[in-house]
Amino acid sequence: MSVIPPPPSAWADTVLDRLTTVYPAAADPERAARMRAYMKDVAPFLGLPSPERRELSRTVLRGTPRPDETALTALALRCWALPEREYAYFAVDCLRRHVRLLSPDFLPVARQLITTVPWWDTVDHLAAHVVGGLVSADPKLTAAMDTWIEDDDLWVARTALLHQLRYRAATDADRLFAYCLRQAGHPNFFIRKAIGWALREYAKTDADAVRAFVAAHRDVLAPLSAREALKNVGP
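First, a word on scope: everything that follows refers to the structure included in this document. (Residues numbered from 1 in each chain as written. Predicted model: local features only at pLDDT ≥ 70, side-chain atom pairs only at ≥ 80, totals over all residues. Heavy atoms only, no water.)

## Focus on the overall build of the protein chain
Stated precisely, the cut-off is as follows: Note on conventions: DSSP H or I runs of at least 4 residues are helices, E runs of at least 2 residues are strands, and numbering of each starts at the N terminus. Atoms counted for the radius of gyration: C-alpha only. Globule rule: 2.2 Å times residue count to the power 0.38. Any two residues having at least one pair of non-hydrogen atoms within 4.5 Å are treated as being in contact. For the accessible areas, the method is Shrake-Rupley and the probe is 1.4 Å, while residue cover comes only from the protein chains on display. Residues scored as charged are limited to Lys and Arg (positive) and Asp and Glu (negative), so that His and the chain ends carry no count. Throughout, a charge is located at the NZ atom of Lys, the CZ atom of Arg, the CG atom of Asp or the CD atom of Glu.
A tally of regular secondary structure across the protein chain gives 13 helices and 0 strands. Taken from the N to the C terminus, the helices and strands of the protein chain come in the order α-α-α-α-α-α-α-α-α-α-α-α-α. Computed over the C-alpha atoms, the radius of gyration of the protein chain is 19 Å, within 12% of the 18 Å expected from 2.2 N^0.38 for a compact globule of 235 residues. Principal-axis analysis of the C-alpha atoms places the extent of the protein chain at approximately 55 × 40 × 30 Å. The long-range fraction of contacts in the protein chain, counting pairs at least 24 apart against all pairs at least 6 apart in sequence, stands at 72%. Summed over its atoms, the accessible surface of the protein chain is roughly 11,300 Å², and 54% of this surface lies on carbon and sulfur atoms. The distance from the centre of the 30 positive side-chain charges to the centre of the 28 negative ones in the protein chain is 5 Å.

## Some points on the pattern of salt bridges
Heads up, the rule is: Here, a salt bridge means any side-chain nitrogen of Lys or Arg that lies within 4 Å of a carboxyl oxygen of Asp or Glu. Buried, partly exposed and exposed residues are distinguished by accessible area as a fraction of the type maximum, computed with a 1.4 Å probe on protein chains only: under 20%, between the cut-offs, and over 50%, respectively.
In total, this model carries 18 salt bridges according to the counting rule given. For K193, the salt bridge identified is with E228, shortest N-O distance 3.1 Å. Taken as a pair, K193 in helix α11 (residues 189-203) and E228 in helix α13 (residues 223-229) lie far apart in primary sequence, 35 residues in all. The exposure class of E228 is buried, given its relative accessible area of 5%. Look at the salt bridges and you will find they share partners, linking K193, R200, E228 and K231 into a network.

## Some words on the packing of aromatic side chains
Spelled out, the test is: Any Phe, Tyr or Trp ring, taking Trp's six-membered ring, that has another such ring centre within 6.5 Å forms a pair; planes under 30 degrees apart are called stacked, those over 60 apart edge-to-face, and the others tilted.
Taken as a whole and assessed by the stated rule, the structure comprises 9 aromatic pairs. Between the aromatic rings of W119 and F190, the centroid separation amounts to 5.1 Å while the plane-to-plane angle is 70°, which identifies the pairing as edge-to-face. Remark: F190 occurs in helix α11 and W119 occurs in the loop between α6 (107-115) and α7 (120-137); sequence separation between them is 71 residues. Taking 4.5 Å as the distance between ring centres and 10° as the angle between the ring planes, the aromatic pair formed by F177 and F213 counts as stacked.

## Considering the environment of M145
Note that M145 resides in helix α8 (residues 142-148). The sequence separation of M145 and L113 amounts to 32 residues, and the corresponding C-alpha distance is 16 Å.

## Quick word on the environment of V15
Counting through the fold element by element, V15 comes out in helix α1 (residues 10-25). Classification of V15 by relative accessible area gives buried; the value is 0%. Along the backbone, V15 and P67 are 52 residues apart, and their C-alpha atoms lie at a distance of 10 Å. If we skip the residues at most four places from it in the chain, V15 touches V60, L61, T64, L75 and F90.

## Some remarks on helix α12 (residues 207-216)
Definition in use: This arc is built from the directions going out from the helix axis to the C-beta atoms.
The set of residues buried in α12 consists of A207, V210, F213 and V214. Within α12, the buried residues cover an arc of 130° as seen down the axis, which keeps them to one side. Exposed residues lying more than 90 degrees from the buried face of α12 are D208, A215 and A216. Packed against the buried residues of α12 are α10 (173-182), α11 and α13.

Coordinates in, geometry out; function isn't part of it.
Below is the structure:
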């Protein structure tokens, strides 16, 4: 798949200039080292705890106009190109806040973000809040999710499993259960955990359906997946 370059955007230019001034000025090297270790050395960090980072983000965005999809695309791709992880967090927060401004054309951009320096800290938010929002707004994108669940990239498949995480009563339960079965035998912890998490979240809406699904498929579901699915509802 070809790499999508950031489009030109004066808004993104302004925000990135502010961001790369404000964030580094508050860096904490000792905390950065701890954060990097906690995230298994996936990326360097500036050492900004979430409450402080979000306050700094408000400073960065203060007085800027509302972005459009091109601006958000430029910002996200350019943030992802910066080494420290907090820049990706900033981009994810912006995408979540403005997900209703994004069209189906953003899905390939989301996939690029998901597969670039992937780890649960960015992938899960993109799955539940960005990709999930895109599919909810345009159900034709479920066809893409049907492809993603088959993907060899575990983070793409995890996104398909988690994209309905916030749908509650609007969840397509048949699709959720089918996805869980499709990846039930996956050897990776992050897929098995995602299956359990997705089922556990849906159990808040229909506990009986999740109990029945797990009971019917205990022979194929990983123990981790079954345990997580029933954590709050019992066998």
